[in-house]
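Report on the structure
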Amino acid sequence: MEKFTTLTGIAAPMPLVNIDTDMIIPKQFLKTIQRSGLGKNLFDEMRYTPDGQEIPDFVLNQPAYRKAQIIVAGDNFGCGSSREHAPWALLDFGIRCVISTSFADIFYNNCFKNGILPVVLPPEAVAHLMDDAKKGENARITVDLEDQTVTASDGKTFAFEIDAFKKHCLLNGLDDIGLTLEKASAIDAYEARTATLRPWA
Amino acid sequence: MAPRTLYDKIWDDHVVHQAEDGTCLLYIDRHLVHEVTSPQAFEGLRMTGRKVRAPEKTIAVPDHNVPTTLDRANAATMTEDSRIQVAALDKNAKDFGINYYPVSDVRQGIVHIVGPEQGWTLPGMTVVCGDSHTATHGAFGALAHGIGTSEVEHVLATQTLIQRKGKNMKVEITGSLRPGVTAKDITLSVIGATGTAGGTGYVIEYCGQAIRELSMEGRMTVCNMAIEGGARAGLIAPDEKTFAYCMGRPHAPKGAKWEAALAYWKTLYTDEGAHFDKVVTIRGEDIAPVVTWGTSPEDVLPITDVVPAPESFSGGKVDAAKRSLDYMGLQPGQKLTDIAIDTVFIGSCTNGRIEDLRAAAAILKGKKIKVKRAMVVPGSGLVRAQAEEEGLAQIFIDAGFEWRLAGCSMCLAMNPDQLSPGERCAATSNRNFEGRQGRGGRTHLMSPAMAAAAAITGHLTDVRELMGEMV
Ligand code: SF4
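Before going into details, it helps to say that this report is about the structure given with it. Everything numeric here is computed off the predicted structure, so don't read it as measured data. (Residues numbered from 1 in each chain as written. Chains lettered and ligands numbered in written order. Predicted model: local features only at pLDDT ≥ 70, side-chain atom pairs only at ≥ 80, totals over all residues. Heavy atoms only, no water.)

Here's the deal with the site of the ligand
Residues and elements named next belong to chain B. The immediate surroundings of the ligand are formed by His 64, Ile 110, His 112, Asp 131, His 133, Ser 348, Cys 349, Cys 408, Cys 411, Leu 412, Asn 430 and Arg 436. Spatially, the ligand is embedded in the largest cavity. Looking at the shell around the ligand residue by residue, the classes come out as five nonpolar, five polar and two charged. (Near = heavy atom within 4 Å. 1 Å grid on protein atoms, 1.4 Å probe; cavity = no way out; pocket = protein on both sides within 12 Å on 5 of 7 lines; lining within 4 Å. Sits in = over half its atoms within 2 Å of the grid points. Nonpolar A, V, L, I, M, F, W, Y, C, P; charged D, E, K, R; others polar.)

Let's talk about the layout of surface pockets
Counted as a void, the second largest pocket has a volume near 770 Å³. For the second largest pocket, the lining is made up of 37 residues, of which Met14(A), Leu16(A), Ile19(A), Met46(A) and Arg323(B) are closest to its centre. Elements supplying a minimum of two residues to the lining of the second largest pocket: β1 (6-14), α1 (21-24), α2 (44-47) and α5 (123-133) of chain A together with α11 (317-328) of chain B. Taken together, the residues that form the lining of the second largest pocket break down as 22 nonpolar, seven polar and eight charged. (Points joined across faces, edges and corners; volume = space filled by probe spheres on them. Helix = DSSP H or I, 4+ residues; strand = E, 2+ residues; numbered from the N terminus.)

Re the packing of helix α6 (residues 183-194) of chain B against helix α8 (residues 216-224) of chain B
The relative placement of two packed helices comes down to the angle between their axes together with the axis-to-axis distance. All names here are of chain B. Running from N to C, α6 and α8 point in directions that differ by 20°, and their axes come no closer than 8 Å. The orientation of α6 with respect to α8, classified from their angle, is roughly parallel. Considering the relative orientation of α6 and α8, their crossing is right-handed. On the side of α6, the interface is formed by Ala 183, Lys 184, Ile 186 and Thr 187, while α8 contributes Gly 218, Thr 221 and Val 222. (Axes fitted to C-alpha atoms, helices over the stretch in contact; angles between N-to-C directions. Parallel < 35°, antiparallel > 145°, perpendicular 65-115°, else oblique. Left-handed = near helix turned anticlockwise from the far one by under 90°. Contact = heavy atoms within 4.5 Å.)

What about unusual backbone geometry?
All names here are of chain B. Although it is not a glycine, Gln 159 sits at a positive phi angle of roughly 60°. Inspection of the secondary structure assignment puts Gln 159 in the loop between α5 (149-158) and β8 (160-163). Look at Ser 348: it is not a glycine, yet its phi comes out positive at around 85°. Position of Ser 348 relative to the elements: it lies in helix α12 (residues 348-351). Accessibility expressed as a relative area gives 1% for Ser 348, which makes it buried. (Buried < 20%, exposed > 50% of the residue type's maximum accessible area, 1.4 Å probe, protein only.)

Structural notes on the side chain of Glu35(B)
Position of Glu35(B) relative to the elements: it lies in the loop between β3 (30-33) and α2 (39-48). Buried charged residue Glu35(B) carries no salt bridge. Nearest counter-charge: Lys31(A), at 8.4 Å. Side-chain polar atoms of Glu35(B) contact the backbone nitrogen of Asp63(B), separated by 3.0 Å. A distance of 3.0 Å separates a polar atom in the side chain of Glu35(B) from the backbone nitrogen of His64(B). With residues up to four places along the chain from it excluded, the contact list for Glu35(B) reads Val61(B), Pro62(B), Asp63(B), His64(B), Asn65(B), Val66(B), Gln85(B), Val86(B) and Leu89(B). (Lys, Arg positive; Asp, Glu negative; His and termini not counted. Salt bridge = Lys/Arg side-chain N within 4 Å of Asp/Glu carboxyl O. Polar contact = N/O pair within 3.5 Å; in protein donor to acceptor, adjacent residues only side chain to side chain.)

Here it is in structure tokens:
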């Protein structure tokens, strides 16, 4: 997994609330058995007409946002299906950070497994960043994970909260499975204990 | 010990290790796997030379992609990429030695219907699956939630998950439901009241007389949609109905182990005085048969109501509602019962169990459909077999429904069962998102009885009016 430390990039504004994972990557693209290559179908049904033409109005089709690395989104981003194809598609497109007032649980977790930083900020902060993002490619937003801050192009800075363990893993690009396997003896002990306590499980 | 909630108790019994910052390693008792969210996880194991730690606790079944037409044994019914995904699951199940129900097995079906049916899901367990509707299993008093593919790989390799504990939320449904009102109406009404993010960060315990009075099937319907309310999981404390459902299932404990299990299961309830961070109370008598009008499960109203005006909402919801109405092709003020329906879909892990088929068949008996097409997709091969034995299948067929084989089908339209643009569907599934049932398709969520009512009138219908006719 790629580390996330700091990022300065173009932010695409997506003020719609409840953007669900079916919108982020529609089911016809879930049939892959790989993680890569989903970027071209990110937001597919909002981004292309049924015959595959780009819809010019859609934010990521606009020249200013084609290289966006950040999305500033409406409330409850990533709700719906647990598909990790959603963060895979975002990452494959080049998105490394999503900023919103709230995220759905599973999507939020999935981001961290893929080197994407989801940032939760209060409504006023998101509104400020949304306005900033609307200014286009010259309005770069800076996200600093170490300091836990987001800085708008006008220099206004917002601090965000993040779980210390998740931050540590993301800063260092750590693989969860490797970390957990270091606790194999604790898992062995748990299994031995429950084999007598709850033998049916 | 301080009084604990049901969630607290199950959590405490599964902590393998707790770090200083509160991050826990949680043991997973049952891991359910399907073909869409697992290939990359198994690939990860291969690349790192890791094994499945507890194959005997891991169960796989293909459900999302599989065709539900009677000729599905013919490989040509599947698209190339679907075939590859199902073949990958076949191979992964075999290579890693996990319990498997292939398409050819009569027990095959939607993973969340197969788990309880086969007795894999039991009270007090932790259950995960790479699927958000894993919440279904909470009906047994099991802590069950969806995970992403990286976590699927983590559970395969370690039989644990790295988790932080969620908060406790109580949803109490007091009193009894009125006639014509079902578990689906409860769960949709709760989401209507709390919103799709109302449960974010919480585990919901559903309780109250109306929940107690539900069958296990109804309880599964309620918990299934906890995720649509944003909650990580839904829970219902196990009781005699739960134990009776579990007894004798193929993978339920037997003999002395059953007795030991039962004694433990009886300790699984929220202690008097335990703390909930959030409480929502709804009177069962106040719940009406409901339908959704928009493209979010929170867009729910009693069938007697009218399509709302976007201006009646606030904040970002105003634009979202405008977009929904445009997508759904509806006008504010239009009576819900005036909305004409093209297609009816009865099935999914929300409402694809035997009781759901009984409820729909009771409305359909001796009637003909007025919609263009209607299909019943049983949740498992065993539900299908039972419905045939009870004569329900014939009622559906006589009414003009297609009688399908088991799978997810038009709940998410990954297989050939899809809506075409503008086609309007009365569906018993759980998501009305844009494009969920096919690009441009318009979904109204409701109970099986309400879907059956729409099938025979050709428009959204208050099932209570038809029930009046029946008595
Ligand atoms: S029936 Fe629908 S919601 Fe349930 S597992 Fe299948 S696709 Fe998901």
